[in-house]
Amino acid sequence: MDNITSTFKEKNLKLTPQRIAVYKYLKSTKEHPSAETVYKALQESYPTMSLATVYKALKTLVEVNLIQELNVGEGSFRYDANVISHPHIQCIKCGKVDDIDGLIFPTLSEEAERYTDYEILSNKVYFYGLCSNCKHK
């Protein structure tokens, strides 16, 4: 909680109850929810909060690097409160997205720089497959 408070203070941004609620929800889950999922999860506790407010809160949290936005190619974004660079995997059948813990690419950016004339600033790695539930159906 101190992280969001100090970040917003440093950036001179208003720390609203809605932004706090969205951030806390994302910090509390290992799922990678869409904006709509976040909205539905918070609707009971924040009945006056609109979907547009959730989208704005997510956008702001991404901009201040407290969460990351994932584009796994399904037409909408997913969100992750773990901002440390790590790969993700998505089930192509049910759409579930998981972190891949323990798989690191310490030299991936350096390798990419060797093959291009780019200075690599960041990378996102996505894998696609079938989760254990879908694989056994």
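This text goes with the structure placed above it.
A brief look at the structure comes next.

Reading guide: rules and limits
Residue positions are given per chain, counted from 1 along the sequence in the order it is written. Selection of residues for local features in this predicted model requires a pLDDT of at least 70, selection of side-chain atom pairs for listing and counting requires 80 or more, and totals for whole chains, interfaces and linings are taken over all residues. As a convention, hydrogens and water are excluded, and side-chain values are obtained from all of the structure's heavy atoms. Fitting a line to C-alpha atoms yields each axis, with helices limited to the stretch in contact; the angle taken between N-to-C directions then spans 0 to 180 degrees. For helices the rule is a DSSP run of H or I covering at least 4 residues; for strands it is a run of E covering at least 2, with both sets numbered from the N terminus onward. By definition in this entry, angles of less than 35 degrees are roughly parallel, angles greater than 145 are roughly antiparallel, angles of 65 to 115 are roughly perpendicular, and the rest are oblique. Any two residues having at least one pair of non-hydrogen atoms within 4.5 Å are treated as being in contact. Side-chain classes are defined by residue name, with Ala, Val, Leu, Ile, Met, Phe, Trp, Tyr, Cys and Pro counting as nonpolar, Asp, Glu, Lys and Arg as charged, and the others, Gly among them, as polar. When a carboxyl oxygen of Asp or Glu is within 4 Å of a side-chain nitrogen of Lys or Arg, the pair counts as a salt bridge. Buried, partly exposed and exposed residues are distinguished by accessible area as a fraction of the type maximum, computed with a 1.4 Å probe on protein chains only: under 20%, between the cut-offs, and over 50%, respectively.

**As for the packing of helix H2 (residues 17-27) against helix H3 (residues 35-42)**
Across the interface, H2 lies against H3 with an axial gap of 11 Å and an inter-helix angle of 105 degrees. Classified by the interaxial angle, the pair formed by H2 and H3 is roughly perpendicular. Across the interface between the two elements, Ala21, Val22, Tyr25 and Leu26 of H2 pack against Thr37, Val38, Ala41 and Leu42 of H3. Split into classes, the residues belonging to the contact of H2 with H3 amount to seven nonpolar, one polar and no charged.

**A word on the pattern of salt bridges**
A side chain of one charge can pair with a side chain of the opposite charge when the charged atoms of the two come close. Going through the model one piece at a time under the given rule, you end up with four salt bridges. Among the ionic pairs, Lys59 bridges to Glu63, the shortest N-O distance being 2.8 Å. One end of the pair, Lys59, and the other, Glu63, are both in helix H4 (residues 51-63), four residues apart, so they sit about a helical turn from each other. One exposure class covers both Lys59 and Glu63, and it is exposed. Glu111 serves as the salt-bridge partner of Arg114, at 2.2 Å between the closest nitrogen and oxygen. Of this pair, Arg114 and Glu111 both sit in helix H5 (residues 108-115), separated by three residues, roughly a single helical turn.

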